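# Tertiary structure, described
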Amino acid sequence: MTTLPLARVYLDANRTISEISPLLFGGFAEHMGRCIYQGIYDPASPLADEKGLRRDVIAALKELNFRIIRYPGGNFLSGYHWLDGVGPKDKRPRRRELAWQSIETNQFGVNEFMEFCRALGTRPLLGTNFGTGSIEESASLVEYCNAAPGSAYADLRAAHGYPEPHGVQYWCLGNEMDGPWQIGHLEAEAYALKAREAAKMMKWHDSSLKLSLCGSSGFGMPTFPEWDRTALEICWEQTDYLSLHTYVGNRENDTASYLAVPFDLEYQVDTLEATLRYVKAKLRSKHDVFLSWDEWNVWYKAQNMQGGWTEAPHLIEEVYNLEDALVVAQWMNLFLRRAQALKMACLAQIVNVIAPILTDANGLVKQTIFYPFRLFSQYAKGLALDALVQTPRYATAKYGDAPVLDASASWDAASDEGAVFLVNRSQSESLPVELIWQSQAPQRISGVYQIAGDDPKAANTFASPNTILPASLAAPEIKDQRAALLLPPLSFTVITTNS
Ligand code: AHR
């Protein structure tokens with residue numbers, strides 16, 4: 001194996017980007033396929049607890065330490081009436097669910113979702129229906145969730161067994177309303193006028209709410225970024241986040257280009273950050289709106305989206321491989337490099353449906369993307385550092401020359417712990433890297449964790465669940481403010497430090 005020229009990463013605790021919002025480590029659970037039913041909730045399973053939640057799934061998701069989970073959709077949201085999913089289970093309607101052509105039993109609803117969040121120790125991010133739903137329906141869900149007993153919907157919640165308010169602070173105003181595929185799709189202006197009125201009512205129920213406006217459902221949309229500008233100009237003062245969605249994949253089977261896909265992701269986030277700045281300036285506003293990447297993942301292999309009017313069909317159960325895990329790691333590097341604008345993100349989704357975990361009746365498998373998410377969720381905290389990276393480059397068909405090394409870094413003043421996240425995009429060559437601390441160097445490297453392999457298509461399956469796992473490696477010494485590492489090809493490495 002050949003070795004590339006040396007790459008250098010310069011770190012300085014005084015050269016920072018922004019605080020890393022813990023809400024960047026979020027997930028998304030939709031009533032789609034087997035995410036909820038047979039994934040999270042399966043009361044008939046011997047693996048379920050007394051509330052019907054799969055114990056093995058809860059344990060695996062806890063490892064990912066999600067700080068927030070978005071629910072209940074997705075395209076499902078735009079045809080969903082939340083009242084169907086509360087109250088006695090034998091009275092809940094079975095419905096034809098149009099987004100995924102499935103049967104929705106409504107055995108899992110808002111209260112079961114709150115139990116799930118409690119079991120995980122995470123916050124809910126609730127979506128309200130802007131397709132077939134009214135602004136009154138959005139507002140009444142806020143009353144149901146957050147009001148103290150003494151009014152109709154709060155009393156209904158109490159009658160359903162929850163006298164204490166759920167206290168849901170984060171809300172999405174609909175889902176992908178720019179998409180013609182969306183139930184009740186609207187033009188930007190029509191959507192924004194409705195969102196503004198719903199937001200007013202929702203915040204009158206609870207002024208502490210944080211609301212997220214639908215932005216473009218992808219940077220390839222013909223209305224990107226005009227949709228975003230229009231919606232923001234109408235709703236700026238009422239909202240706190242602009243959502244963006246992205247799914248990427250290696251459709252041309254061109255791994256060199258696929259590994260450089262952060263070029264596209266940077267384009268999307270930078271364009272939207274510029275749009276936020278433009279609208280704030282145009283409106284002469286003192287208010288800030290941040291970006292929420294509330295659907296993001298690799299998704300291109302599994303395309304079956306029609307449930308054939310069955311319960312919990314197998315839909316888009318993507319199997320992830322090593323190159324997908326390296327893309328997820330780079331996406332999270334970008335979260336840190338754009339930490340000033342990105343304040344929330346939700347991995348789409350969390351179980352079975354384009355997810356880090358696949359279940360069957362007997363257990364689960366942790367997919368390759370599980371591990372980079374876990375490493376970031378565990379070690380990226382405090383401040384994102386503006387690392388200066390010098391790296392060799394390589395040729396790609398899609399983006400021209402691209403850096404071989406993709407990097408980010410964090411440092412937490414409270415614990416004096418740091419982390420450096422490094423992806424070697426080369427498929428065949430090792431990359432020597434020198435870490436150089438320009439401010440005071442940490443006393444020691446406390447851990448080195450690495451995901452690597454020869455085969456970009458290697459995956460974890462039920463038959464072979466441990467093909468791709470992070471290895472814990474010997475820590476190099478820090479000498480003269482420097483540490484040296486050799487990154488194998490197709491690898492993701494996390495270096496943790498403390499003082
Ligand atoms: O996550 C799967 C689907 O992708 C969601 O329902 C929708 O919002 C997006 O298009």
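Attention in this report is confined to the structure presented alongside it. (Residues numbered from 1 in each chain as written. Predicted model: local features only at pLDDT ≥ 70, side-chain atom pairs only at ≥ 80, totals over all residues. Heavy atoms only, no water.)

## So, the sheet that holds strand β16 (residues 388-390)
- One open sheet holds the 4 strands; their spatial order is β16-β1-β21-β24, and the pairing between them is mixed. Each edge of the sheet is formed by a strand with only one pairing partner; in this case those strands are β16 and β24 (482-487). Recorded for the sheet is a direction-independent mean angle of 15° between the axes of neighbouring strands.
- Two elements, strand β1 (residues 7-11) and β16, share 3 bridges in a ladder whose sense is antiparallel. Residue pairing for β16: Val-9 is matched across the bridge by Val-389. (Pairing = 2+ DSSP bridges. Helix = DSSP H or I, 4+ residues; strand = E, 2+ residues; numbered from the N terminus. Axes fitted to C-alpha atoms, helices over the stretch in contact; angles between N-to-C directions.)

## Observations concerning the packing of helix α3 (residues 135-146) against helix α4 (residues 152-159)
- Two numbers describe how α3 lies on α4: the axes approach to 7 Å, and their chain directions differ by 50°. Regarding the angle of α3 to α4, the classification is oblique. Pair α3 / α4 crosses with right-handed handedness. Contacts between α3 and α4 involve Glu-136, Ser-140, Glu-143, Tyr-144, Cys-145 and Asn-146 from the former and Ala-152, Tyr-153, Ala-154, Leu-156 and Arg-157 from the latter. (Parallel < 35°, antiparallel > 145°, perpendicular 65-115°, else oblique. Left-handed = near helix turned anticlockwise from the far one by under 90°. Contact = heavy atoms within 4.5 Å.)

## Description of the site of the ligand
- In the vicinity of the ligand, the contacting residues are Phe-28, Glu-30, Gly-74, Asn-75, Trp-100, Asn-175, Glu-176, Tyr-247, Glu-295, Trp-299, Gln-349 and Ile-354.
- In the model, an oxygen atom of the ligand is placed 2.9 Å from a nitrogen or oxygen of the Asn-75 main chain.
- At 2.8 Å from an oxygen atom of the ligand is found a side-chain nitrogen or oxygen belonging to Tyr-247.
- When the ligand is considered free in solution it has 280 Å² of accessible area, and contact with the protein chains removes 94% of it. (Near = heavy atom within 4 Å. Polar contact = N/O pair within 3.5 Å; in protein donor to acceptor, adjacent residues only side chain to side chain. Areas by Shrake-Rupley, 256 points an atom, 1.4 Å probe, with all protein chains shown as cover.)

## As for the pattern of salt bridges
- Scanning the entire structure with this criterion turns up 31 salt bridges.
- As a salt-bridge pair, Arg-70 and Asp-294 come within 3.7 Å of each other at their nearest N and O atoms. Taken together, the residues Arg-70 in strand β4 (residues 68-71) and Asp-294 in strand β11 (residues 290-298) connect sequence positions 224 residues apart. As far as the burial class goes, Arg-70 and Asp-294 line up, both buried.
- Of the charged contacts in the structure, one is a salt bridge between Glu-318 and Lys-301, with a shortest N-O distance of 3.4 Å. Pair noted here: Glu-318 is in the loop between β11 and α9 (322-337) and Lys-301 is in the loop between β11 and α9, with a separation of 17 residues, a long-range link.
- The class for Lys-301 is partly exposed, based on a relative accessible area of 34%.
- The network of salt bridges with common partners includes Glu-226, Arg-229, Glu-233 and Lys-282. (Salt bridge = Lys/Arg side-chain N within 4 Å of Asp/Glu carboxyl O. Buried < 20%, exposed > 50% of the residue type's maximum accessible area, 1.4 Å probe, protein only.)

## Some details on helix α1 (residues 55-64)
- Taken together, the buried positions of α1 are occupied by Asp-56, Val-57, Ile-58, Ala-60, Leu-61 and Leu-64.
- On the buried face of α1, the contacting elements are α2 (110-120), β13 (357-360), β14 (363-366) and α10 (370-379).
- Once α1 ends, the next one or two residues include Asn-65, with phi positive near 50°.

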